[in-house]
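# Tertiary structure, described
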Amino acid sequence: MEWFDTHAHLFDEGLLPQIEDVLGRAQEAGVGTIVAIGTTLEDSRICIELAERFPQVYASVGIHPNHSAEAKEGDLDQVEHLISHPKVVAIGETGLDRYWDFAPIELQKQYLDWHVEKSRVYRKPLVIHMRDCENDIVEWLEASKAEGPLSGILHSYTGNAQLAELGVACGMHVSFAGMLTFKRNQELRDVAKTIPTDRLLVETDCPYLSPEPYRKQRPNEPAFVVHTGTCLANERGIEPAEMARITTANARKLFGIAES
């Protein structure tokens, strides 16, 4: 049984200094592949460095919407230079965020448009962050439909079934993180039952959002994706091993990663 963590911030100061141990625990838990997600130019470079060091790690490069206002002139150009690296399998984390007030929403949209353009040019999937901005994401998805299908992930999904359905119709996958396991989140688990099997993914979004039974006890890490995947399997009435097979196959196909 092999799991695939599609979204891990391995550059985080709580994970990076002990990265060998973190990846060792992941391997022991059956997590065979991890995508390290960049949020700035600097940590995108760290993600690539980790991907070069460890065969099970791949990288996504981009500038997070909450970091768009602090990005320097030329950062996007340098991110674009990173996209062609052989272990870069995705573009982002990009998207929109109205929860925090770190960057004007119009600037966030400009950065999102840049990432979408590069996703189409380089034919690599997007990693989409979306927080307290459902109407904006619906507007973006509807506009994108007119320009052709998207490829990517609505990551750490907490939206409703209608938004997920629109995302899938536009070419996106839907990825669930530790919130799926929280006791109060039955509504989210019900949404997870509606996602087409071939568009399902799991992630940790570590070091954030540790799943049960580790919620509020310790920082999240890739090994814990097993708990989210098992919860998803239980809700959909299948064995965890089958859910691992499904979500890993989906991730490999999306990212273009062959079985080792």
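Read on for an overview of the structure.

Rules used in this analysis
- Residues numbered from 1 in each chain as written.
- Predicted model: local features only at pLDDT ≥ 70, side-chain atom pairs only at ≥ 80, totals over all residues.
- Heavy atoms only, no water.
- Helix = DSSP H or I, 4+ residues; strand = E, 2+ residues; numbered from the N terminus.
- Buried < 20%, exposed > 50% of the residue type's maximum accessible area, 1.4 Å probe, protein only.
- Contact = heavy atoms within 4.5 Å.
- Lys, Arg positive; Asp, Glu negative; His and termini not counted.
- Charge placed at Lys NZ, Arg CZ, Asp CG, Glu CD.
- Disulfide = S-S within 2.5 Å.
- Pairing = 2+ DSSP bridges.
- Right-handed = clockwise from strand over helix to strand, strands pointing away.
- Salt bridge = Lys/Arg side-chain N within 4 Å of Asp/Glu carboxyl O.
- Arc of directions from axis to C-beta.
- Axes fitted to C-alpha atoms, helices over the stretch in contact; angles between N-to-C directions.
- Patch = residues over 30% accessible without salt bridge, like charges linked within 9 Å, V, L, I, M, F, W, Y side chains within 5 Å.
- Areas by Shrake-Rupley, 256 points an atom, 1.4 Å probe, with all protein chains shown as cover.

## A few points about the overall build of the chain
- Each helix and strand in the chain was counted, giving nine helices and eight strands.
- Along the first, second and third principal axes, the C-alpha set of the chain runs to 45 × 40 × 35 Å.
- A burial count over the chain gives 57% of its 260 residues as buried.
- If you take every contact in the chain between residues at least 6 apart in sequence, the share linking residues at least 24 apart comes to 71%.
- Considering the chain, the positive charge centre built from 25 side chains and the negative charge centre built from 40 side chains are found 4 Å apart.

## Thoughts on the state of the cysteines
- Scanning all chains against the criterion turns up zero disulfides.
- Cysteine Cys206 remains unbridged, with the sulfur of Cys47 as its closest cysteine sulfur at 10 Å.
- For Cys206, a relative accessible area of 0% puts it in the buried group.
- Considering cysteine sulfurs only, Cys206 is the nearest to Cys231, which forms no disulfide, with 18 Å between them.

## Looking at the pairing of strand 1 (residues 3-8)
- By the criterion of burial, strand 1 is predominantly enclosed, with six of the six residues buried.
- For strand 1 and strand 2 (residues 31-37), the ladder comprises four bridges, and the chain directions are parallel. Bridge assignment links Ala8 to a residue of strand 2, and that residue is Ala36.
- Regarding topology, helix 1 (residues 19-29) serves as the crossover connection from strand 1 to the parallel strand 2, and that connection is right-handed.

## Examining the pattern of salt bridges
- Counted according to the given criterion, the structure contains 15 salt bridges.
- Between Arg98 and Asp136 there is a salt bridge, with its nearest N and O atoms 2.6 Å apart. Separated by 38 residues along the polypeptide, Arg98 in the loop between strand 4 (88-97) and helix 4 (105-122) and Asp136 in helix 5 (residues 134-147) bring together distant segments of the chain.
- A relative accessible area of 45% means that Arg98 is categorised as partly exposed.
- The exposure class assigned to Asp136 is buried, which follows from its relative accessible area of 9%.
- Where Arg245 meets Glu242, a salt bridge forms, and the shortest distance between an N and an O atom there is 2.7 Å.

## A closer look at helix 3 (residues 75-83)
- Within the sequence span of helix 3, burial applies to Asp75, Leu76, Val79, Leu82 and Ile83. The arc enclosing the buried residues of helix 3, seen along the axis, measures out at 105 degrees, which places them on a common side.
- Residues of helix 3 that are buried make contact with helix 2 (41-53), strand 3 (57-61), strand 4 and helix 4.

## With respect to the sheet that holds strand 2
- With parallel pairing, the eight strands of this open sheet are ordered in space as 1-2-3-4-5-6-7-8. Because the sheet does not close on itself, it has two edges, and the strands there are strand 1 and strand 8 (200-202). In this sheet, neighbouring strand axes are inclined to one another by 30 degrees on average, regardless of whether the strands run parallel or antiparallel.
- Against the sheet, helix 2 touches strand 2, strand 3 and strand 4, its axis set at about 160 degrees to strand 3.

## Points about a nonpolar patch on the surface
- The grouping of Tyr99, Trp100 and Phe102 at the surface amounts to a nonpolar patch, some 340 Å² of accessible area in total.
- Within the secondary structure, Tyr99 is located in the loop between strand 4 and helix 4.

## Brief notes about unusual backbone geometry
- With omega at 15 degrees, the peptide bond leading from Cys206 into Pro207 counts as cis.
- Tracing the sequence through the fold places Pro207 in the loop between strand 8 and helix 8 (225-236).
- Residue Glu212 is joined to Pro213 through a cis peptide bond whose omega torsion reads 10 degrees.
- You can see Pro213 is positioned in the loop between strand 8 and helix 8.
- Backbone geometry at Asp132 places phi at a positive 55 degrees, although glycine is not the residue there.
- With respect to the helices, strands and loops of the structure, Asp132 is situated in the loop between strand 5 (126-131) and helix 5.
- The exposure class of Asp132 is exposed, given its relative accessible area of 54%.
- One non-glycine residue, Leu209, lies in positive phi territory at about 60 degrees.
- Note on placement: Leu209 falls in the loop between strand 8 and helix 8.

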